[in-house]
Amino acid sequence: MTDFDNKLLDILSRVFRIDQGEITDNLKRKDFEPWDSMAHLMLISEIENEFEIFFEDEEVVDIWTVGDLKKILNQKMSP
Amino acid sequence: MGKFLGRFLRILAWIAPSYQFRASVYRKCGIKVGKGVYMGFLVMMDGEYPEYIEIHDWASIGPGVKIMAHSGASPYHQRRRIFHEGPKKVVIGKGAWLAAGSTILPGVTIGEGAIIAAGAVVSKDVPPLTLFAGNPARMVQKLEPQKD
């Protein structure tokens, strides 16, 4: 578990108010009730502030699972 | 009817019972309001430049929404030329829904069928069939009509 993963898990558990153990890559926005549009926005802005990056509109819309989120983050963080 | 009468009518448009009546009072104030527009309580629209605001058919304006067409700044700023912006056109597209307490800034066009979440502050154009939220408002989701 890297520092990056820990930070991401921390943000996810804080935004959705769940334990870090409950978070899997398959967690879907569509069938997970706490992940509504407002939580999505909070999640995006928390991640932007923490990792000092910026998501384009298209990227925000395309994040549907925690796996998607990790994939996009990896693309953005690798130089 | 113009701006002068509009200044008095606007108070009526805030608190009048029934949304059709509030919408038609805003029409009298000089704002272009289409048919079937829902107008909530305490909707605040730019009183100085009503002719710059256009609301298309079947749009839904929630309670406490603010729509501004100009940003005037204080006389201090205007005199010292620190900040002054003239009016810019605001268009609310067909069937768009502005939820309670959202703020629309000058020059913004809301696309057809878009949703603005409660309390959002919209400073840039919103494409059709999208959900915008937050301050400043950002795209959160694309809306897909259900097919039968």
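Please refer to the structure placed before this passage.
Described in the following lines is the structure provided in the data block. (Residues numbered from 1 in each chain as written. Chains lettered and ligands numbered in written order. Predicted model: local features only at pLDDT ≥ 70, side-chain atom pairs only at ≥ 80, totals over all residues. Heavy atoms only, no water.)

## Some details on the interface of chain A and chain B
Link 1 in the chain: Taken together, the contact between chain A and chain B spans 14 residues of the former and 10 residues of the latter.
Link 2 in the chain: Taking both sides of the interface into account, the surface hidden between chain A and chain B amounts to around 1100 Å²; carbon and sulfur atoms contribute 56%.
Link 3 in the chain: In terms of surface lost to chain B, no three residues of chain A exceed L41, D57 and V61 of chain A, which account for 46% of the buried area on that side.
Link 4 in the chain: Note that E48 of chain A is salt-bridged to R138 of chain B, the shortest N-O span being 2.8 Å.
Link 5 in the chain: Summed over the shared surface of chain A and chain B, the result is five residue pairs in polar contact (both at pLDDT 80 or more).
Link 6 in the chain: Ranked by the residues each element gives to the side of chain A that touches chain B, the list is headed by helix 2 (residues 37–51) of chain A, at six residues. (Contact = heavy atoms within 4.5 Å. Buried area = accessible area lost by both parts, 1.4 Å probe. Salt bridge = Lys/Arg side-chain N within 4 Å of Asp/Glu carboxyl O. Polar contact = N/O pair within 3.5 Å; in protein donor to acceptor, adjacent residues only side chain to side chain. Helix = DSSP H or I, 4+ residues; strand = E, 2+ residues; numbered from the N terminus.)

## Remarks on the sheet that holds strand 9 (residues 103–104) of chain B
One key point about sheets: their strands pair by backbone hydrogen bonds, in either a parallel or an antiparallel sense.
Residues and elements named next belong to chain B.
Link 1 in the chain: The strand order across the open sheet built from four strands is 3-6-9-12, with neighbouring strands paired in parallel fashion. At either margin of the open sheet sits one strand with a lone partner, and together these are strand 3 (44–45) and strand 12 (121–122).
Link 2 in the chain: Pairing between strand 6 (residues 66–67) and strand 9: two bridges, direction parallel. What sits directly across from I67, in strand 9, is I104. (Pairing = 2+ DSSP bridges.)

## Focus on the nonpolar core
Link 1 in the chain: The biggest cluster of nonpolar side chains holds 35 residues, and the ones touching the most others in it are I55, I92 and I110 of chain B.
Link 2 in the chain: Put simply, the parts of the chain that give this core at least two residues each are helix 1 (3–15), helix 2 (19–28), strand 4 (53–55) and strand 7 (90–92) of chain B.
Link 3 in the chain: Per element, the largest residue contribution to this core is three residues, and it comes from helix 2 of chain B.
Link 4 in the chain: Formed by 25 residues, the second largest nonpolar core is a distinct cluster that contains L9, F32, A39 and I63 of chain A. (Core = buried A, V, L, I, M, F, W, Y, C linked by side-chain atoms within 4.5 Å. Buried < 20%, exposed > 50% of the residue type's maximum accessible area, 1.4 Å probe, protein only.)

## As for the packing of helix 2 of chain A against helix 4 (residues 66–77) of chain A
Residue and element names in this part refer to chain A.
Link 1 in the chain: Relative to each other, helix 2 and helix 4 sit at 30 degrees, their axes nearing to 13 Å. Viewed along their axes, helix 2 and helix 4 adopt a mutual orientation that is roughly parallel. Crossing geometry of helix 2 relative to helix 4 is assigned as right-handed. Here L43, I47 and F51 of helix 2 lie close against helix 4, whose contacting residues are L69, L73 and M77.
Link 2 in the chain: Across the contact of helix 2 with helix 4, the residue classes tally to six nonpolar, no polar and no charged. (Axes fitted to C-alpha atoms, helices over the stretch in contact; angles between N-to-C directions. Parallel < 35°, antiparallel > 145°, perpendicular 65-115°, else oblique. Left-handed = near helix turned anticlockwise from the far one by under 90°. Nonpolar A, V, L, I, M, F, W, Y, C, P; charged D, E, K, R; others polar.)

## Topic: the environment of S13 of chain A
Residues and elements named next belong to chain A.
Link 1 in the chain: Its location among the elements puts S13 in helix 1 (residues 3–16).
Link 2 in the chain: The exposure class assigned to S13 is buried, which follows from its relative accessible area of 11%.
Link 3 in the chain: Excluding residues within four positions of it along the chain, S13 makes contact with I18, D19, Q20 and I23.

Remember, this is a structural readout, not a statement about activity or role.
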